[in-house]
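# Residue-level structure breakdown
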Amino acid sequence: MADENQPDQTAGAPEGDAQQPKTTPPAETPPAAAPATPAAEGAKPPAVKKPAPAAKPAAAAHGEKKPAAKKPAVMETTPWESDLTKLLAERFGGAITEFSSYVGQNFLVAAPDSVVAIVEFLREEADFDYLVDVTAVDYPQRPERFDVVYVLYSFARNERIRVKTRIKEDYAPHTVTGVHPTANWLEREVYDMFGIRFAEHPDMKRILLPDEWEGYPLRKDYSIINMDNRWVKDNLGIDSGQ
Amino acid sequence: MPETTFLDANELVLNMGPQHPSTHGVLRVILKLDGEKIRGTECVIGYLHRGVEKIGENRTYQMFAPYVDRMDYVAAVSNGLGYCLAVEKLLNTEAPPRAQVVRVILTELNRIASHLLWLGTHALDIGAITPLFYVMREREEILNIFEAYCGARLTTHAFRCGGLQYEVYDGMEQQAKRFCKAFLPRVDEYEELLSENRIWKERLINVGILTGDECKQYGVTGPVLRAAGVKWDIRKALPYSGYEKYDFEIPTRQNGDTYDRYMVRIQEMRQSVRIVEQAVEDIPSGPIMAKVGKIVKPPVGEAYVSIEAPKGELGYFIVSDGSTQPYRLRVRPPSFINLQALERMSRGALVADVVAIIGTIDIVLGEIDR
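Residues numbered from 1 in each chain as written. Chains lettered and ligands numbered in written order. Predicted model: local features only at pLDDT ≥ 70, side-chain atom pairs only at ≥ 80, totals over all residues. Heavy atoms only, no water.

The next point concerns the packing of aromatic side chains. If you walk through the whole model with that rule in mind, you get 22 aromatic pairs over all chains. Centre to centre, the rings of A:Y153 and A:F155 are 5.4 Å apart; their planes meet at 90 degrees, and the pair counts as edge-to-face. A single burial state applies to A:Y153 and to A:F155, both of which are buried. For the pair B:Y149 and B:Y166, a centre-to-centre distance of 6.1 Å together with 90 degrees between the ring planes defines the contact as edge-to-face. Here B:Y149 is found in helix α5 (residues 130–150), whereas its partner B:Y166 is found in the loop between β5 (163–164) and α6 (172–194), with 17 residues between them in sequence. (Phe/Tyr/Trp six-rings, centres within 6.5 Å; stacked < 30°, edge-to-face > 60°. Buried < 20%, exposed > 50% of the residue type's maximum accessible area, 1.4 Å probe, protein only. Helix = DSSP H or I, 4+ residues; strand = E, 2+ residues; numbered from the N terminus.)

The following block contains the structure:
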């Protein structure tokens, strides 16, 4: 095993153990939640780094090396520039706040109310005619709680991009079913799992879970054992004992 | 006495499933009928929902790897490959060449196994019982290879993030070669049974047509897209795991009906054999595991990685917060999105056609419901 791996592994072990109980209480442990802020504002990585050296006082030699070896807790993006980004910047201006690239994958961050227009523009003017996926990510610590992510692909350009937007908890983004019919079930799943309602969606109801289910499972404050006891009891007659 | 009863209504609502052999699991389709004609369909899914994405957030990267096999359990190897590639992308690493070739061999064998099971059950739905026994015979040989390689037949967990856990066993190349040699004539036999069979053709031709443009609108991928004349396969378009090194074709057809989808899958099995034959000839030597460390801890970031699974584009979108567990793990299941097009495909068809159309999409409910 290479030497560089050593500090990382030893540092990883206690953290991994500390997170294990995450299964029992809801996911509110600082390591999981902390990056939400830096990812949003792109600042203060030291706050996250500190606990790692403190957790291991014994091996001082390794401990000193660590801050240099460890990667910062912010997504290390590079700017994304191409003809397409110029075109988009020209057309949408301030509505698109970021053009970035990470591990060779390009994405843009847009204002919530301009997403439909951007997706439509991309389909009409730039051949992004295939909506691959719509999904969301929950960052409970952030003022704009959810990231809604649209993955788009262009057959003609053989290129895949992501359109991201950040929305507040009670914001209802406009549906993109008018542009891509695929979005119908995908947005229903996002609603089912995160409770994000899509405005003017033709059929906004749960898709995987029963209609009477309470709570939205993929939110971070929904514990893995906190299933809907009432629904289970009423419909299946099982006392889960949880 | 009410003035109108259900007998006066033109529309009849009929439930198909959840327990119905032709729904390939627990899928419920609500059919709105006018006589025998379909006016509309509505799918009720979620009976197999296990919360795979939530489980992923509560497991370490390696602990979650076996779970992906339980989604599309007919093509567990493909699921594992997609997941490993996504994690490797986040780690900014790649499996060593030897591991990549072994991955290709197993994934292509799995594609054949998946298509075989599809062929058997699809034919059974239409009323042809014989092919099922033949395809099970061939599939068994593939599962034997999996069993000899990793000890499991269905939920294989064959790959690890960063490469492979197990070396190739003695004689695996020969066994794979033997299988390929014996398999090609058998594909001809299936075709002899079905391709020119009059009943088969009458049940399939011009049933459930989906054009190329409609496929794109509905995000339909895989054999369904290729049967509609769109020559698109992720193995060629955005090659992964060294697929660019192999010489194979993307079979396409023009009509986009159920018969064409059958033909495309038959052709794809032949192409998979070609890939396996090329791969076993030339397995490079070297390590099978990249340097990823015992604890997988990708840096903060996110990545979407997809592969050409037997059923279409299988994607993983993973958000890492720099810890040992994914912050968010999203699976883009091909069956789920392809099934959405059922509504479009079955409009105006007959009830019996719905059975053929569900079969031709090649759905696996474990993947749809996750």
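Contacts between the two partners involve 57 residues from chain B and, on the opposite side, 62 residues from chain A. Summed over both partners, the interface of chain B with chain A comes to about 5,100 Å²; 55% of that surface belongs to carbon and sulfur atoms. It is B:K54, B:E302 and B:Y327 in chain B that bury the most area against chain A; as a group they hold 14% of the surface buried on that side. One can count eight salt bridges joining chain B with chain A. Here chain B is connected to chain A by 28 residue pairs in polar contact (both at pLDDT 80 or more). With six residues, strand β6 (residues 301–309) of chain B is the single largest residue contributor to the side of chain B that touches chain A. Tallied by class, residues from the side of chain B that touches chain A come to 24 nonpolar, 15 polar and 18 charged. (Contact = heavy atoms within 4.5 Å. Buried area = accessible area lost by both parts, 1.4 Å probe. Salt bridge = Lys/Arg side-chain N within 4 Å of Asp/Glu carboxyl O. Polar contact = N/O pair within 3.5 Å; in protein donor to acceptor, adjacent residues only side chain to side chain. Nonpolar A, V, L, I, M, F, W, Y, C, P; charged D, E, K, R; others polar.)

For the rest of this paragraph, the subject is the sheet that holds strand β3 (residues 37–44) of chain B. Sheet strands line up and pair through hydrogen bonds in the backbone, either parallel or antiparallel. All names here are of chain B. Taken in spatial order, the three strands line up as β1-β2-β3 in an open sheet, and their pairing is antiparallel. For this open sheet the edge positions go to β1 (12–16) and β3, each flanked by a neighbour on one side alone. Taking the axes of each pair of neighbouring strands and ignoring which way they run, one obtains an average angle of 25 degrees across the sheet. Here seven bridges tie strand β2 (residues 28–34) to β3, and the two strands are oriented antiparallel to one another. Directly across from V29, in β3, lies its bridge partner C43. (Pairing = 2+ DSSP bridges. Axes fitted to C-alpha atoms, helices over the stretch in contact; angles between N-to-C directions.)

Attention now moves to the sheet that holds strand β3 (residues 105–110) of chain A. Residues and elements named next belong to chain A. Spatially, β1-β2-β3-β6-β5-β4 is the arrangement adopted by the six strands of the open sheet, whose pairing is mixed. Only two strands of the sheet have a single neighbouring strand rather than two, namely β1 (78–79) and β4 (130–138). Pairing geometry for strand β5 (residues 146–154) and strand β6 (residues 159–167), over nine bridges, is antiparallel. Each bridged residue has a counterpart across the sheet, and for D147 the counterpart in β6 is R166. Against the sheet, helix α7 (residues 83–92) contacts β2 (96–102), β3 and β6, and its axis sits at roughly 165 degrees relative to β2.

A:L88, A:L122, B:I45, B:Y83, B:Y262, B:Y316 and B:L339 are the most contacted members of the largest nonpolar core, which has 183 residues in total. Element by element, the count of residues in this core is highest for helix α4 (residues 97–126) of chain B, at 14 residues. Apart from the residues within four sequence positions on either side, B:L339 is in contact with A:W185, B:L27, B:C43, B:I45, B:I361, B:I363 and B:I368. (Core = buried A, V, L, I, M, F, W, Y, C linked by side-chain atoms within 4.5 Å.)

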